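Commentary on secondary and tertiary structure
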Amino acid sequence: RCSTPAVHDARLDAAQMTPEAAAELEVLELDLFIEAMLRRYGYDFRDYGRASLLRRVRNLVQKQGASSIADLTARILHAPELLGDMIANLSVPVSEFFRDPTTFLALKTHVFPMLASYPQITIWQAGCARGEEVYSLAILLKEASLLPRCRIFATDISKASLSHAQDGIFPLSDMRDASRRYLESGGSQSLSAHFHARYDFARLDRSLVENVTFAEHNLATDGVFCEAHLVLCRNVMIYFNDQLQARVLKLARETLVRGGFLCVGERENLLDVAHGFRRVEGTAALYRVSRAAAEP
């Protein structure tokens, strides 16, 4: 009986907070949520951009029917079965086939000739989300007769996104929307040649992912696992702070062979010299390991 008035008073106090005090409390709750995710499950969101992370956590609060971020934290601590859904919503699975066609065209123009010089090609697609970019790249590699020589590692933090990517089934409307971007990306056939339509869905040709390994990898905590000729990490670092961006670029540099390429999002401008990369002339999102960084 004595606890009820105390809870009621606490709710009244929260409701009567000034906007500034409420914002400070929310920041504290977000800090505690981040700490709980790290200590309980090993997922490190400390160096994610706070504004975008806060928006996604707020969305999770609503989706889970929680009363606050603190309530959400309590739930995830005691209900690990919620973890998969939370990670799926905290990551950024939004993408589209042949997003930013000029970047894909730059890959075909500047990178594919280099890849063609190798008997075996290794590519790392970091932050592959639901697979749209993996399939987009694989289609262009197949048309260039390079795909059989490729081993592609497609990684993401979200198991749900990886499962979706492996299935290779997308709304048919996504493929119709992508047809123009496919041609602008340097596609040489018809996009419809690479998928099978049934009802309102499209299943991508399974040959596109025969040499693709889908796996969990956390850019915030995990290390180098392969030596690659090309690393793609597009529209991922815009959600990270400077420290985590630097970590990702270091991973990419340590992964790439001498003269290897890094492809990022068109809005992700790198400090070329500081991170050991130089921009490929005439491109917005394509970088190459600089000679100085490649020296042992």
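Please read these numbers as outputs of a predicted model, since none were measured by experiment. (Residues numbered from 1 in each chain as written. Predicted model: local features only at pLDDT ≥ 70, side-chain atom pairs only at ≥ 80, totals over all residues. Heavy atoms only, no water.)

Turning our eyes to something else, we now look at the packing of helix 2 (residues 19-41) against helix 3 (residues 50-64). Interhelical geometry of helix 2 versus helix 3 gives an angle of 85 degrees and a closest axis separation of 11 Å. On the basis of the axis angle, helix 2 is roughly perpendicular to helix 3. Taken together, the residues of helix 3 that come into contact with helix 2 (itself represented by Glu26, Leu30, Asp31, Phe33 and Ile34) are Arg50, Leu53, Leu54, Val57 and Arg58. Across the contact of helix 2 with helix 3, the residue classes tally to 6 nonpolar, no polar and 4 charged. (Axes fitted to C-alpha atoms, helices over the stretch in contact; angles between N-to-C directions. Helix = DSSP H or I, 4+ residues; strand = E, 2+ residues; numbered from the N terminus. Parallel < 35°, antiparallel > 145°, perpendicular 65-115°, else oblique. Contact = heavy atoms within 4.5 Å. Nonpolar A, V, L, I, M, F, W, Y, C, P; charged D, E, K, R; others polar.)

Before going further, it helps to examine the packing of aromatic side chains. By the definition in use, this model includes 8 aromatic pairs. In textbook terms, an aromatic cluster arises when at least three aromatic residues are bridged by ring pairs, as seen for Phe45, Tyr48 and Phe240. (Phe/Tyr/Trp six-rings, centres within 6.5 Å; stacked < 30°, edge-to-face > 60°.)

What follows concerns the environment of arginine 40. With respect to the element layout, arginine 40 can be found in helix 2. In this structure arginine 40 comes out as partly exposed when scored by relative accessible area, which is 42%. Once residues within four sequence positions are removed from consideration, arginine 40 is found in contact with Leu77 and Pro80. A polar contact is formed between the side chain of arginine 40 and the backbone oxygen of leucine 77, at a distance of 3.1 Å. (Buried < 20%, exposed > 50% of the residue type's maximum accessible area, 1.4 Å probe, protein only. Polar contact = N/O pair within 3.5 Å; in protein donor to acceptor, adjacent residues only side chain to side chain.)

This brings us to the packing of helix 3 against helix 4 (residues 69-78). Running from N to C, helix 3 and helix 4 cross one another at 70 degrees; their axes reach a closest spacing of 9 Å. Regarding the angle of helix 3 to helix 4, the classification is roughly perpendicular. Across the interface between the two elements, Leu54, Val57, Leu60, Val61 and Gln64 of helix 3 pack against Ile69, Leu72 and Arg75 of helix 4. Looking at the contact of helix 3 with helix 4 residue by residue, the classes come out as 6 nonpolar, 1 polar and 1 charged.

Now for unusual backbone geometry. Negative phi values dominate among residues other than glycine, just as trans dominates among peptide bonds. Even without being a glycine, phenylalanine 98 presents a positive backbone phi close to 55 degrees. Mapped onto the fold, phenylalanine 98 is located in the loop between helix 5 (83-90) and helix 6 (101-115). Positive phi, normally seen in glycine, also occurs at asparagine 235, with a value near 55 degrees. Inspection of the secondary structure puts asparagine 235 in the loop between strand 7 (228-233) and helix 10 (242-255).

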